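Architecture at a glance
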Amino acid sequence: MRPYKCPTIFTTNYTNFPKGAEFADIFDIVGGSLFTIDGEPSHQQRAKVKGALSNPRMAATMAACCCDKVENGLLPFFRRMASTGTPFDVQELMSRFMFDLAAMPFFGVDPGLLSSEMLQDRLHMDAAVALDTFMEVGFSLLMTPSSYWKLMRWLNIGPERKLKVARTVLREFAAEMMERRKMNTCFVGNEDEQEDGDILSCFLNDPDYADDDLLRAMIIGYMFAARDTVGTTLTWIFYKLAQNPNIVSNIRKELSPIASRKAAVGVDAMLIFEPKETRSLVYLKAVLYETLRLYPAAPLECKTVVADYIMPSGHEVHAGDTIIISIHSMGRMEGAWGEDCLHYKPDRWLSVGGNNMRYVPSHKFLAFNSGPRMCLGKDIAIMQMKTVIASTLWNFDVEVMDGQTIQPKQACIQQMKNGLIVKLKKREM
Ligand code: HEM
């Protein structure tokens, strides 16, 4: 079956293909929240999350948090590494950076994982590790017969034992964040901004989320959705750009008119590119999409079948079947992307003349999912990635160290198995 020819699962007949009970059982840590539910309850929760994320004030907070973290966290760190020529694992760094960036607008508090002096905050560090455990173990359970992992869960052995520890840590983390928010301490911004300036406040005041378990599930689900999806994609972008200096030049060319209107900040004269400046940049967006095509952050989509159905391709599926769609493979199919499907070519996303993005249906490019369950953070993710890539590439040259084995990890989020060691050099301008 060629899923890219088959929008039925995601759009036209999506009610016949919910996530299903087994998915919800494996990811019970986010049980009851948008991330595991289907049908009418998912529509209702989705409308609320969509409302919170698309509120213009929230969009402005997200953009401000991102600029602040890049200017005061990421670039100063890069400058230190560049001045001493010290190699570092950019994936590990992006993971900490994104933990902070996901948490700041949600909780109104900066966990400070990016700054190494804060590493003693065990709660946040442990929560970050527990999120990774769920992504890794959850992936292997999706591929395992449910009777087998349910027995392991009952006996508390094997991967289920790891999940149990991760569950406890994540529940503690979410409870602590709710407590801190209720006590209204240590927040980002002034008192006015705190009134309804973070996403958690919208849910704390909502009677539908009066159940603490549901609110906890929502918090953890949000951290899953917003943290490593972006961090992982950024890492793959750095990797591909280091192999393609011509693409780096094209990005810098696109940034150049903006840079010429800006004044550099700080002693090192570094430029920060703000979301309002990069919003219209199409080549940079094409780079993001091309990376997500070959390295989708969420490489698998899991669906169950409610009623027997014959796909447009003629394949039959039966009630109770599980369908696993490899988004990773779909991005590499010759039938969908042409003979050069394995080549990294941002230009394929551009219209003739290169001034606009070409239309590609979302059921063909599934990195952000498609149809009624499409990612709600797509625009936020693009804004964050554009800010990081533009600000990094304008100020630094990025070199990937030789001798590394680069391969994807088998997990729900497609990180690099061994990380990515890079070295930076401050650009002479
Ligand atoms: C490169 C970055 C990102 C990628 C590739 C991505 C991809 C996806 C995918 C594939 C799904 C569907 C998951 C499923 O149903 O199985 C999804 C759902 C979702 N994403 Fe994203 N995402 C990204 C960033 C973000 C960010 C930054 C946020 C929040 C600020 C976010 C919020 C959500 C939410 C709330 C859902 C649930 C939608 C629903 O179930 O109806 N995402 N995302």
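Definitions and cut-offs
Note on numbering: residues in each chain are counted from 1, in written sequence order. Two thresholds apply to this predicted model, a pLDDT of at least 70 for residue-level local features and 80 or more for giving and counting side-chain atom pairs, whereas whole-chain, interface and lining totals are computed over all residues. The side-chain quantities take in all heavy atoms of the structure and omit both hydrogens and water. The way it works is that DSSP assigns letters per residue, a run of H or I at least four long becomes a helix, a run of E at least two long becomes a strand, and they are numbered from the N terminus. Burial classes: relative accessible area under 20% of the type maximum marks a residue as buried, over 50% as exposed, and values in between as partly exposed (1.4 Å probe, protein chains only). Note on contacts: a residue pair qualifies if any of its non-hydrogen atoms lie within 4.5 Å across the two residues. The Shrake-Rupley method, run with a 1.4 Å probe, gives the accessible areas here. Residue values count only the displayed protein chains as cover. Positive charges are assigned to Lys and Arg, negative charges to Asp and Glu, while His and the chain termini are left out of the count. Throughout, a charge is located at the NZ atom of Lys, the CZ atom of Arg, the CG atom of Asp or the CD atom of Glu. A donor here means an N, O or S atom no more than 2.8 Å from the metal, or no more than 3.2 Å when the metal is Na, K or Ca. Since water is not included, a site may seem to lack partners. A helix is expected to span 1.5 Å for every residue after the first. Two axes are fitted around each residue, one to the seven residues ending there and one to the seven starting there, and the angle between them is reported as the bend at that residue. The term polar contact refers here to a pair of N or O atoms within 3.5 Å; inside protein, the definition further demands a hydrogen-donor-capable atom paired with an acceptor-capable atom, and it admits residues adjacent in sequence only when both atoms are side-chain atoms. Nearness of a residue to a molecule or strand requires only that one of the residue's heavy atoms be within 4 Å of it. As a working rule, the residues Ala, Val, Leu, Ile, Met, Phe, Trp, Tyr, Cys and Pro are called nonpolar, Asp, Glu, Lys and Arg charged, and the rest polar, with Gly in that last group. UniProt positions are given in the numbering used here, feature names are shortened, and annotations may be inferred rather than shown by experiment. We define a salt bridge as a contact between a side-chain nitrogen of Lys or Arg and a carboxyl oxygen of Asp or Glu at a distance within 4 Å. Geometry is summarised by axes, namely lines fitted to C-alpha atoms with helices restricted to the contacting stretch, and by angles between N-to-C directions that run from 0 to 180 degrees. These descriptions rest on fixed angle ranges, namely under 35 degrees for roughly parallel, over 145 for roughly antiparallel, 65 to 115 for roughly perpendicular, and the rest for oblique. Crossings are classed by handedness, with left-handed meaning an anticlockwise turn of the near helix from the far one by less than a right angle and right-handed meaning a clockwise turn.

Next up on the list: the overall build of the protein. Across its full length, the protein carries 17 helices and seven strands. Dimensions along the principal axes, computed over C-alpha positions, put the protein at roughly 60 × 55 × 40 Å. Within the protein, buried positions represent 53% of all 429 residues. Here the contacts in the protein between residues at least 6 apart in sequence split such that 72% fall between residues at least 24 apart. Accessible surface, the protein as shown: approximately 19100 Å² in total, 53% of it carbon and sulfur. Side chains of the protein carry 48 positive and 50 negative charges; the gap between the two charge centres is 5 Å.

Residue position: Val-90 is located in helix α4 (residues 90-107). For Val-90, a relative accessible area of 2% puts it in the buried group. Along the backbone, Val-90 and Met-330 are 240 residues apart, and their C-alpha atoms lie at a distance of 27 Å. Apart from the residues within four sequence positions on either side, Val-90 is in contact with Thr-235, Phe-238, Leu-420 and Val-422.

A few words now on unusual backbone geometry. With a phi close to 55°, Asn-156 is a non-glycine residue in the positive phi region. Locating Asn-156 in the fold gives a position in the loop between α6 (146-155) and α7 (158-183).

Looking now at the coordination of the iron atom of the ligand. Exactly one protein atom donates to the iron atom of the ligand; that atom is Cys-375 (SG), 2.3 Å from the metal. Here Cys-375 is to be found in the loop between α16 (334-337) and α17 (378-395).

Let us look at helix α3 (residues 56-84). Under the 1.5 Å per step criterion, the end-to-end length of α3 is 41 Å for 29 residues, consistent within 8% with the ideal 42 Å. Approximately 40° is the largest bend angle found in α3, and it occurs at Val-70. Of the residues flanking the start of α3, the one acting as N-cap is Asn-55, its side-chain oxygen 2.7 Å from the backbone nitrogen of Arg-57. The positive-phi residue at the C-terminal boundary of α3 is Gly-85, with phi of around 65°.

With respect to spatial proximity, 23 residues lie near the ligand, and among them Lys-19, Arg-46, Asn-369, Arg-373 and Cys-375 are the closest. The side chain of Lys-19 places a nitrogen or oxygen atom 2.8 Å from an oxygen atom of the ligand. A distance of 3.1 Å separates an oxygen atom of the ligand from a polar atom in the side chain of Glu-301. Contributing elements (two or more residues each) for the shell around the ligand: α10 (212-226), α11 (228-243) and α17. For the shell around the ligand, the class distribution of residues is 15 nonpolar, four polar and four charged.

Sequence positions flagged by UniProt for "binding site: heme" (unreviewed entry) are, in local numbering, Cys-375. When its relative accessible area of 33% is taken as the criterion, Cys-375 is described as partly exposed. Look past the residues within four positions of Cys-375 in its chain and what remains in contact with it is Phe-368 and Asn-369.

Another point: the pattern of salt bridges. The final tally for this structure, using the stated rule, is 22 salt bridges. Residues Asp-213 and Arg-216 are paired through a salt bridge, measuring 2.4 Å at the closest nitrogen-oxygen approach. Taken together, the positions of Asp-213 and Arg-216, both in helix α10 and three residues apart, correspond to about one turn of that helix. For Arg-348, the salt bridge identified is with Asp-340, shortest N-O distance 3.2 Å. The exposure class of Asp-340 is buried, given its relative accessible area of 19%.

A few words on the environment of Asp-208. Within the fold, Asp-208 resides in the loop between α9 (199-204) and α10. The sequence separation of Asp-208 and Asp-402 amounts to 194 residues, and the corresponding C-alpha distance is 53 Å. Contacts of Asp-208, omitting those with residues within four sequence positions, involve Lys-48 and Leu-214. Of note is the side chain of Asp-208, whose polar atom sits 2.5 Å from the side chain of Lys-48.

All right, on to the packing of α3 against α17 then. Interaxial distance between α3 and α17 falls to 10 Å at its minimum, and their mutual angle equals 30°. Classified by the angle between their axes, α3 and α17 sit roughly parallel to one another. The handedness of the crossing between α3 and α17 is right-handed. Touching Met-62, Ala-63, Cys-66, Val-70, Leu-74, Leu-75 and Phe-78 of α3 are Ile-380, Met-383, Gln-384, Thr-387, Val-388, Ser-391, Thr-392 and Asn-395, all from α17. Each residue belonging to the contact of α3 with α17 can be placed in one class, and the counts come to 10 nonpolar, five polar and no charged.

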